[in-house]
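# Reading the structure
Spelled out, the chains give:
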Amino acid sequence: MKGTRVAARYSKAFLDLSLELNKLEEAKVDAEVVFNAINTSRDLRNFLGSPVVKPLQKNKILSEIFEKNISELTMRFILLIVRHGRDKDMENIFDQFMVQYREHMNIVEVEFTTSTKVTANVVANIKKMLESSTGKTIEIVETVDEKLIGGYIVDMANYRLDASLANGMRKLRRELVK
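Starting afresh in each chain, residues are numbered from 1 along the sequence in its written order. Local features in a predicted model are, by the rule used here, given only for residues with pLDDT of at least 70; side-chain atom pairs are given and counted only at 80 or more, and totals for whole chains, interfaces and linings are based on all residues. With hydrogens and water excluded, all non-hydrogen atoms of the structure serve as input to the side-chain values.

### With respect to the overall build of the protein
For the protein, the helix and strand inventory stands at eight helices and four strands. Mapped in sequence order, the helices and strands of the protein form the string α-α-α-α-α-α-β-α-β-β-β-α. Based on C-alpha atoms, the radius of gyration is set beside the globule rule, defined as 2.2 Å times the residue count to the power 0.38. Here the C-alpha radius of gyration of the protein, 21 Å, is well above what a compact globule of 178 residues would show, namely 16 Å. The burial tally for the protein puts 35% of its 178 residues in the buried class. Secondary structure counts use DSSP, requiring at least four H or I residues in a row for a helix and at least two E residues in a row for a strand, with both numbered from the N terminus. Only protein chains enter the calculation, and the probe is 1.4 Å; a residue is then buried if its accessible area is under 20% of its type maximum, exposed if over 50%, and partly exposed in between.

Here is the structure:
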């Protein structure tokens, strides 16, 4: 819980600063770069969490890793995180930034799961339907799960629409058992 609170505070400060400097989109792209780098590299995560490596060494190495790939604003923010001893929370901070960015921009991330890969036209129709019903911009993350047998599942914030054949069969089985 404490790490989440720290991440929320730092990410909110970064969001506010990037808004104030009119660099929100740049900060979003940078946040994705940093988050993906940390998320996909166990070595980088271990490095950030290591109490053995001194902050000056961390700053030097992080500058070498990111300086050419992100803006000066984001680089200075990373150095601030390290200076304040929150480097082990960096992945959560940038993840939380993306959550707050989507909230600020009125964007909802939706997971659309099907049993097979669907066409872009189907995804576009689902997106249009969800945008018209929610009044928000929708970002669809497609996943394929063959266990569904057929149909689809839409996961959006606190809402789940399960129109899969597997779910229908589970419901039918429960009814037959009664």
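This is not the end of the story, as more comes after the structure.
### Some words on the packing of helix H4 (residues 55–66) against helix H5 (residues 72–83)
H5 packs onto H4 with a crossing angle of 155° between their chain directions and a minimal axis gap of 10 Å. As far as their axial angle goes, H5 and H4 are roughly antiparallel. Crossing of H4 over H5 shows right-handed handedness. Contacts between H4 and H5 pair Pro55, Lys58, Asn59, Leu62, Ser63 and Phe66 from the former with Met75, Ile78, Leu79 and Val82 from the latter. Only C-alpha atoms enter the line fits that serve as axes; for helices the fit covers just the stretch in contact. Angles between N-to-C directions range over 0 to 180 degrees. Our angle categories are set so that under 35 degrees counts as roughly parallel, over 145 as roughly antiparallel, 65 to 115 as roughly perpendicular, and the remainder as oblique. Left-handed describes a crossing whose near helix is turned anticlockwise from the far helix through less than a right angle; right-handed describes the clockwise counterpart. Contact criterion: two residues are considered in contact whenever any of their non-hydrogen atoms come within 4.5 Å of each other.

### Considering the packing of aromatic side chains
In this analysis, rings of Phe, Tyr and Trp, with Trp reduced to its six-membered ring, are considered paired at centre separations within 6.5 Å, and the interplanar angle assigns stacked below 30 degrees, edge-to-face beyond 60, and tilted for intermediate values. Following the criterion strictly, the structure yields five aromatic pairs and no others. Ring plane angle 85° and centroid distance 5.8 Å describe the contact between phenylalanine 77 and phenylalanine 94, whose orientation is recorded as edge-to-face. Placement of the pair is phenylalanine 77 in helix H5 and phenylalanine 94 in helix H6 (residues 90–104), with a sequence separation of 17 residues. You'll find phenylalanine 77 and phenylalanine 94 in the same group, each marked buried. Pairwise contacts between aromatic rings join Phe14, Phe77, Phe94 and Phe97 into one cluster.

### Observations concerning the pairing of strand S2 (residues 137–144)
In this structure, strand S1 (residues 107–114) lies alongside S2, joined through eight bridges in parallel fashion. By the bridge assignment for S2, phenylalanine 112 is matched with glutamate 142. Look down the strands so they point away from you; if going from the first strand over the helix to the second traces a clockwise path, that crossover is right-handed. With helix H7 (residues 120–134) bridging S1 and its parallel neighbour S2, the resulting β-α-β unit is right-handed. Two strands form a pair only when DSSP identifies at least two bridges running between them.

### Looking at a nonpolar patch on the surface
Patches here: salt-bridge-free residues with over 30% relative accessible area, like charges joined within 9 Å, nonpolar side chains (Val, Leu, Ile, Met, Phe, Trp, Tyr) joined within 5 Å. Accessible areas in this description were obtained via Shrake-Rupley with a 1.4 Å probe; residue shielding takes into account the shown protein chains only. Salt bridges, as used here, are contacts in which a Lys or Arg side-chain nitrogen is within 4 Å of a carboxyl oxygen on Asp or Glu. A cluster of nonpolar residues, Ile149, Leu165 and Met169, forms a patch on the protein surface that exposes about 270 Å² of accessible area. Mapped onto the secondary structure, isoleucine 149 falls in the loop between S2 and strand S3 (151–156).

### Details of the side chain of serine 63
If you trace the backbone, serine 63 turns up in helix H4. Beyond its immediate chain neighbours, meaning those up to four positions away, serine 63 contacts Met75 and Leu79.

### What to know about empty space enclosed by the protein
Here a cavity is any set of points on a 1 Å grid over the protein atoms alone where a 1.4 Å probe fits but cannot get out, and a pocket is any open set with protein on both sides within 12 Å along at least 5 of 7 lines; a residue lines the site when it has an atom within 4 Å of a point. Grid points are joined across faces, edges and corners, and a volume is the space filled by probe spheres set on the points. Taken as a whole, this structure holds one cavity of 30 Å³ or more when the rule is applied. For the largest cavity, the calculated volume is near 40 Å³. If you go around the largest cavity, the residues you meet are Phe112, Thr114, Thr116, Lys117, Val118, Glu142, Thr143 and Val144. Counting only elements with at least two residues in the lining of the largest cavity, the list comes to S1 and S2. Per-element tally for the lining of the largest cavity: the top contributor is S2, with three residues.

### Quick notes on the pattern of salt bridges
A side chain with one charge may pair with a side chain of the opposite charge, provided their charged atoms come close. One pass over the full model with this rule turns up eight salt bridges. Note that glutamate 109 is salt-bridged to arginine 102, the shortest N-O span being 3.9 Å. On the basis of relative accessible area, arginine 102 is assigned to the buried category, the value being 16%.

Just geometry here; none of it tells us what the structure is for.
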